[in-house]
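Overview (structure and organization)
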Amino acid sequence: MTTAPPTHADYQLSQLEQLEAESIHIFREAAAEFEKPALMCSGGKDSIVMLRLAEKAFYPAKLPFPVLQIDTGFDFPEVLAARDNWVQRLGARLVVASVEEAISNGIVVDDGKTSRNRLQIGTLLNAVEVHGFTALFGGGRRDEEKARAKERVYSHRDDFGQWDPKNQRPELWSLYNGKLHGGEHMRVFPLSNWTELDIWHYIGREQIEIPSIYFAHSRRVFRRDGMWFTESDFNPCKPGEEVVEKIVRFRTVGDLTLTGAVESDADTISKIIDEIAVARVTERGATRGDDRFSEAAMEDRKKEGYF
C-alpha cells in the first residue's frame, strides 16, 4: 500500500533563508523610506554579500542607489578588481571618495602618524555632505567587534555624522524609525544578524565571486605586532623585521598597512568554513591592527563618524 503524498508544501525556511529574507526586507524598506541612500562597498566579503542581497531585492531592476567606496589609496588590488567586476555586472553607479584627494583638498590632514583608515572618517562625512546621502548601507555584523554589537539596524547619525550609542532608537518587532532632521543621516546594517560563518555559507551557496586573497596563497610577508603583514612600498619593514614567503589568507580586507594575514591552507570555501567553525577570535580581533590601539578603538572611531 502506497502512502498518500503530503497535501501541503513545507514552508519552513532554513536559517540562511531567514537571514536572506530579513536582509532583503531591510534593503527594500530603507530604499522606500530614504530619499537618497547609497551602499558602502569596500570590496570585501561582507559588502559583496550585500551587493548580492541588494541585487536580489530589486531584480530585475538595477540597484536604485549608487555604490560608495572610500578609497584609502592603500587597498589590495585584488579587492578593487572584485569591486569593479561587481559594479560592472550590476550596471551600478560607482562613487569613489578618495582619501588622497581629501588630503590634497584640505578636508583631512595627514600628519604622518594618523592611519589612512582613520582618515576615511572625514573623507566619508564629506562625501555624505557633497552628495546629500540620507542613508548609507553598511556591512557591519554584531559578531565582528564589541562596538558593532551596540548597533541597531537603523543607526542614527547626527548632523556632525556622529554616533551616540546611548541615543539610538528602539526597534521593537523589527519596526524601524527613519525620521531625520536637517543634516542628519542614517547608517543601515542589513547584515546585523549574520555571523562570519553565515557569510561564508551564503558565499558557498550562491557561488559569489570574492577577492582571491580570502583563499590560501603564497605571499611575501613580515611579522609585526603578532600578525603577518604584506610586503609593500606603502608598508616598509622596520629594523629587525624580515620578509619571508608564507602560505596565508586574509579573513578581512582593508588598508593593507593595517590588515594582517593568517597562516592557512584553506584554499576552498568548505575548508574556510571548517577553519572558521573552530576559530575563537573574530576576524577583526585577529587581523586588524587599527582595532588593537585600545579596547574602545572601534567605538571611538564610530562616535566620530566611522562606518
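Look a little higher up for the structure.
Residues numbered from 1 in each chain as written. Predicted model: local features only at pLDDT ≥ 70, side-chain atom pairs only at ≥ 80, totals over all residues. Heavy atoms only, no water.

What follows covers the packing of aromatic side chains. The full count for this structure, using the stated rule, is 12 aromatic pairs. Centroid distance F34 to Y154: 5.4 Å. Interplanar angle 50 degrees. Geometry classified as tilted. With F34 in the loop between α1 (15–33) and β1 (37–40) and Y154 in strand β5 (residues 154–157), this pair connects stretches of sequence that are 120 residues apart. Look at F34 and you get buried, because its relative accessible area is 5%. Exposure remark for Y154: the relative accessible area of 2% places this residue in the buried category. Chaining the aromatic ring pairs together yields one cluster made of F27, F58, F65 and F137. Its guanidinium or amino end placed over the ring of W86, R89 lies 4.6 Å from that ring's centre, counting from NZ or CZ. (Phe/Tyr/Trp six-rings, centres within 6.5 Å; stacked < 30°, edge-to-face > 60°. Helix = DSSP H or I, 4+ residues; strand = E, 2+ residues; numbered from the N terminus. Buried < 20%, exposed > 50% of the residue type's maximum accessible area, 1.4 Å probe, protein only. Lys NZ or Arg CZ within 6 Å of the ring centre and 35° of its normal.)

We now examine the sheet that holds strand β10 (residues 262–263). Each strand in a sheet pairs with its neighbour through backbone hydrogen bonds, running either in the same direction (parallel) or in the opposite one (antiparallel). If you walk across this open sheet you meet the four strands as β8-β7-β9-β10, and the pairing is antiparallel. The sheet is open, and its two edges are formed by β8 (227–230) and β10, each paired on a single side. (Pairing = 2+ DSSP bridges.)

This part is about the pattern of salt bridges. All told, the structure shown has 18 salt bridges when counted by the stated rule. Notably, a salt bridge pairs R52 with E55, separated by 3.0 Å at the nearest N-O pair. One end of the pair, R52, and the other, E55, are both in helix α2 (residues 45–58), three residues apart, so they sit about a helical turn from each other. One connected set of salt bridges, linked through shared partners, spans E20, R52, E55, K56, R89, R205 and E206. (Salt bridge = Lys/Arg side-chain N within 4 Å of Asp/Glu carboxyl O.)

The next subject is α2. Compared with an ideal rise of 1.5 Å per residue, which puts 14 residues at 20 Å, α2 spans 20 Å between its outermost C-alpha atoms and is within 8% of the ideal. Among the 14 residues that make up α2, 12 are buried, leaving the element largely enclosed by the rest of the structure. Turning to α2, its buried residues are K45, D46, S47, I48, V49, M50, L51, L53, A54, E55, A57 and F58. (Expected span 1.5 Å × (residues − 1).)

Here we take up the environment of L180. For L180, the position within the fold is in the loop between β5 and β6 (185–188). Each C-alpha atom of the pair L180 and D159 lies 9.7 Å from the other, and the pair is 21 residues apart in sequence. In contact with L180, other than residues within four places in its own chain, are F34, T134, H156, H185 and M186. (Contact = heavy atoms within 4.5 Å.)

Working note: regular strand, side chains alternate between the two faces of the sheet. Among the five residues in strand β2 (residues 67–71), five count as buried, and that is most of the element. With respect to chirality, the unit in which β1 leads through α2 into the neighbouring parallel β2 is right-handed. Looking at chain direction, β2 and strand β3 (residues 94–98) are connected through five bridges and run parallel. Bridge pairing in β3 links L68 to V95. The handedness of the β2 to β3 crossover, carried by helix α3 (residues 77–90), is right-handed. (Right-handed = clockwise from strand over helix to strand, strands pointing away.)

It is worth spelling out the sheet that holds β1 at this point. Across the sheet, six strands lie side by side as β3-β2-β1-β4-β6-β5; this open sheet has mixed pairing. This sheet does not close on itself; its edge strands, each paired only once, are β3 and β5. Within this sheet the neighbouring strands show an average axis-to-axis angle of 30 degrees, counted without direction. Those strands touched by α2 are β1, β2 and β4 (135–137), and its axis lies near 135 degrees from that of β1. Each of β1, β2, β3, β4 and β6 is contacted by helix α5 (residues 116–131), which is oriented at about 145 degrees to β2, the strand it contacts most. (Axes fitted to C-alpha atoms, helices over the stretch in contact; angles between N-to-C directions.)

Counting 55 residues, the largest nonpolar core has F27, L39, V49, L63, V188, W194 and W200 as the members making the most contacts within it. Contributing elements (two or more residues each) for this core: α1, α2, α3, β4, β6, α6 (196–206) and α7 (269–277). In terms of residues, this core owes the most to one element, α2, which gives eight residues. Once you skip the residues sitting within four places of it in the chain, W194 turns out to touch L16, L19, E20, S23, V49, L53, R141, R142, D143, I199 and Y202. Counting 15 residues, the second-largest nonpolar core is a separate cluster that includes A38, A97, L124 and L136. (Core = buried A, V, L, I, M, F, W, Y, C linked by side-chain atoms within 4.5 Å.)

What follows is about α3. With 14 residues, α3 extends 20 Å from end C-alpha to end C-alpha; this agrees with the ideal 20 Å at 1.5 Å per step. Those residues of α3 not exposed but buried are V79, A82, R83, W86, V87 and L90. An end-on view of α3 places all buried positions within 130 degrees of arc, on one side of the element. In α3, the exposed positions angled more than 90 degrees off the buried face are occupied by P77 and Q88. Where α3 is buried, its residues meet α2, β2 and β3. Just past α3, the residue G91 takes up positive phi, approximately 65 degrees. (Arc of directions from axis to C-beta.)

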